[in-house]
Amino acid sequence: MNQWIDRCCAGIEALIAAALAVMVVLVFGNVVLRYGFNSGITMSEEVSRWLFIWMTFLGAVVALKEHGHLGVDMVVQKLPPVGKKICLAVGHVVMLYIVWLLFQGSMAQARINWDVTAPVTGASMAIVYASGVVFSVLAGFILALDLLRLLTGRIADDELVMIQESEEAVQLKQILGSKDEAPGARK
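Draft legend 1. View of the overall build of the protein chain. The secondary structure content of the protein chain amounts to 6 helices and 0 strands. Along the protein chain, helices and strands appear, N-terminal first, in the series α-α-α-α-α-α. Its C-alpha atoms give the protein chain a radius of gyration of 21 Å, more than 25% over the compact-globule value 16 Å for 187 residues. When the backbone C-alpha atoms are referred to their principal axes, the protein chain occupies close to 65 × 45 × 30 Å. The buried share of the protein chain, reckoned over its 187 residues, is 28%.

Draft legend 2. Main features of the packing of helix α2 (residues 44–65) against helix α5 (residues 126–151). One way to put it is that α2 packs onto α5 with a least axis distance of 9 Å and a crossing angle of 5°. Taken together, the axes of α2 and α5 are roughly parallel relative to one another. On the side of α2, the interface is formed by Trp50, Ile53, Trp54, Phe57, Leu58, Ala60, Val61, Leu64 and Lys65, while α5 contributes Ile127, Val128, Ala130, Ser131, Gly132, Val134, Phe135, Leu138, Ala139, Ile142 and Leu143. Residues of the contact of α2 with α5, tallied by class, amount to 17 nonpolar, 2 polar and 1 charged.

Draft legend 3. Molecular detail of the nonpolar core. Ranked by internal contacts, the top residues of the largest apolar core, which has 18 residues, are Ile12, Ile16, Met55, Val61, Leu64, Phe135 and Ala139. Listing elements by their share of this core, those giving two or more residues are α1 (2–37), α2 and α5. Every residue in contact with isoleucine 12, bar those within four places of it in the chain, is listed here: Leu58, Val61, Val62 and Leu138. With 7 residues, the next largest nonpolar core counts Leu88, Leu147, Ile155 and Leu160 among its residues.

Draft legend 4. Spotlight on the packing of aromatic side chains. Summed over the entire model, instances satisfying the criterion amount to 3 aromatic pairs. Seen from their ring centres, phenylalanine 57 and phenylalanine 135 are 5.7 Å apart, and the 55° between their planes marks the pair as tilted. Of this pair, phenylalanine 57 sits in helix α2 while phenylalanine 135 is found in helix α5, placing the two residues 78 residues apart along the sequence. For phenylalanine 57, a relative accessible area of 26% corresponds to the partly exposed category. Pairing tryptophan 100 with phenylalanine 103 gives two aromatic rings, centres 5.6 Å apart and planes at 25°, and the pair type is stacked.

Draft legend 5. The environment of leucine 88, seen in detail. Relative to the helices and strands, leucine 88 resides in helix α4 (residues 81–112). A relative accessible area of 8% places leucine 88 in the buried class. The spatial distance from the C-alpha of leucine 88 to the C-alpha of methionine 162 is 8.0 Å, given a sequence separation of 74 residues. In contact with leucine 88, other than residues within four places in its own chain, are Leu150, Ile155, Leu160 and Met162.

Draft legend 6. Focus on the confidence of the model for the protein chain. Residues with a pLDDT of 70 or more make up 91% of the protein chain, whose mean pLDDT is 86. Across the protein chain, the secondary-structure element scoring lowest on mean pLDDT is helix α6 (residues 167–181), at 68, and the one scoring highest is α5, at 94.

Draft legend 7. Layout of the state of the cysteines. Per the stated rule, a full pass over the model turns up 0 disulfides. Free cysteine cysteine 9: the closest other cysteine sulfur is in cysteine 8, separated by 7.0 Å.

Draft legend 8. Main features of α4. Over its 32 residues, α4 runs 46 Å from end to end, which matches the ideal 46 Å to within 8%, given 1.5 Å per residue. Inspection of α4 places Gly83, Lys84, Leu88, Ala89, His92, Val99, Ser106 and Ala110 among the buried residues, and these make up the whole buried set.

Rules used in this analysis
Residues numbered from 1 in each chain as written. Predicted model: local features only at pLDDT ≥ 70, side-chain atom pairs only at ≥ 80, totals over all residues. Heavy atoms only, no water. Helix = DSSP H or I, 4+ residues; strand = E, 2+ residues; numbered from the N terminus. Rg over C-alpha atoms; globule rule 2.2 N^0.38 Å. Buried < 20%, exposed > 50% of the residue type's maximum accessible area, 1.4 Å probe, protein only. Axes fitted to C-alpha atoms, helices over the stretch in contact; angles between N-to-C directions. Parallel < 35°, antiparallel > 145°, perpendicular 65-115°, else oblique. Contact = heavy atoms within 4.5 Å. Nonpolar A, V, L, I, M, F, W, Y, C, P; charged D, E, K, R; others polar. Core = buried A, V, L, I, M, F, W, Y, C linked by side-chain atoms within 4.5 Å. Phe/Tyr/Trp six-rings, centres within 6.5 Å; stacked < 30°, edge-to-face > 60°. pLDDT = per-residue confidence, 0-100. Disulfide = S-S within 2.5 Å. Expected span 1.5 Å × (residues − 1).

This is how it looks when you write it as C-alpha cells:
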C-alpha cells in the first residue's frame, strides 16, 4: 500500500512540476509579448491562477503524506507513548472532520459554479473548486490510513509525533541524519 501511495505522490509531484513549467512559460511569454511585441496571451493570468491553486492543494497532499506540515509539538514530545498515541488519534479524527467539511464545501461550490464560465477561457469555474474536492479525498485517505496504522499498532514510537515545530528543526534533523548515514560515520 505504501509503495502505491509513494508512486501516486511521485505522480503528483510530476504534475506540480509540469504546472509550474506551464505557469513560467505563460507568465514569461506574456511579459515578453507584452513589452516586446505589444501583444500578449489573453488566458495567461487566468490559467496561471488556476494552476497555482491546484499546485497548492496538491502540494499539501504530498506534504501531508510526508508529515511535512508545521505544528506545535512542544507538549506532545514530553508525553509518554500512550499520551502521544491519544493525541495523534484525536488530531487525526479532528483533521478527518475538517477534511470532510472542506469536501462538502468544495462540492457545494463546484456544483454552484458548474455553469459559471471564466471570463477569458470560457471554462467552468468548477475547476477551481474541484481542487478542494481532490485534496479532501486524497488527504482523507492518507489521514484514515495513518489512523488505521495507529489503531492497529503499526506505527513506531518515533513516528507518533507527525509534525515539526519549525523548518529549522526539520533541516537540523536532516543534516544530522545525513551525517550518521555517511560512509565511515560512527553509530
